[in-house]
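# Coordinates in review
Listed here are the chains, written in short residue letters.
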Amino acid sequence: MHMHYSIPSFSYQSYKSVLRYCEMGCALIVFMMLYAAEGRQELAEAHYLMVICVCCLSFCGMAFVADMYNIQIQYPDLWPLSEFALEVTFMTLSFFAAITLASACRWTYNDDESYCQHFLQSSTKGNASALFGILLSIAMFGSVQETYRRVRKYQFS
């Protein structure tokens, strides 16, 4: 199948690359904060957000390498749509996992401390992780829009 549109060459300063840096940075920060918290295994919301961010970090790293090698030229039927689907998935998962963790930091465990204070020893870790989880979701939303443009260009060219 011959492609009718041109894919811009890779640049480390492009909008898509900057979004990837933001996504990987947010996911790494969430992972490091929650990994350092000793009681994360007992608080399901924190554990889920951490696992989602690890998966998102590996996907974003792989997608960044795929962008570097212009893999969408070699696999035009597979990669843009797969990338879009995974970005939508991680955008949604990270957003709702961050919201549930932020909610857990608001709920009281035993009248005087929140779930985050009890299990993570600090509500600041939970709230900061939730904030960076939401920032990750916002960065993923930017990537979703960019990938959607690529998919639309390909579909209708």
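Residues numbered from 1 in each chain as written. Predicted model: local features only at pLDDT ≥ 70, side-chain atom pairs only at ≥ 80, totals over all residues. Heavy atoms only, no water.

## Some details on the packing of helix H2 (residues 44–68) against helix H4 (residues 79–106)
Contact pair H2 / H4: the axes reach a minimum separation of 9 Å and the direction vectors enclose 155 degrees. Our classification of the angle between H2 and H4 gives roughly antiparallel. The crossing of H2 and H4 is left-handed. Residues Glu45, Ala46, Leu49, Ile52, Cys55, Cys56, Phe59, Met62, Ala63, Ala66 and Asp67 of H2 touch H4, and the partners they reach there are Trp79, Glu83, Leu86, Glu87, Phe90, Leu93, Ser94, Ala97, Ala98, Thr100, Leu101 and Ala104. Partitioning the contact of H2 with H4 into residue classes produces 17 nonpolar, 2 polar and 4 charged. (Axes fitted to C-alpha atoms, helices over the stretch in contact; angles between N-to-C directions. Helix = DSSP H or I, 4+ residues; strand = E, 2+ residues; numbered from the N terminus. Parallel < 35°, antiparallel > 145°, perpendicular 65-115°, else oblique. Left-handed = near helix turned anticlockwise from the far one by under 90°. Contact = heavy atoms within 4.5 Å. Nonpolar A, V, L, I, M, F, W, Y, C, P; charged D, E, K, R; others polar.)

## Details of the nonpolar core
Counting residues in hydrophobic clusters, the biggest one holds 31 residues, and the most contacted among them are Leu34, Leu43, Leu101 and Met140. Contributing elements (two or more residues each) for this core: helix H1 (15–36), H2, H4, helix H5 (115–120) and helix H6 (123–155). Ranked by residue count, the leading element in this core is H2, at 10 residues. Beyond its immediate stretch of four places on either side in the chain, leucine 101 contacts Leu34, Leu43, Glu45, Ala46, Leu49, Cys116, Gly126, Ser129 and Ala130. (Core = buried A, V, L, I, M, F, W, Y, C linked by side-chain atoms within 4.5 Å. Buried < 20%, exposed > 50% of the residue type's maximum accessible area, 1.4 Å probe, protein only.)

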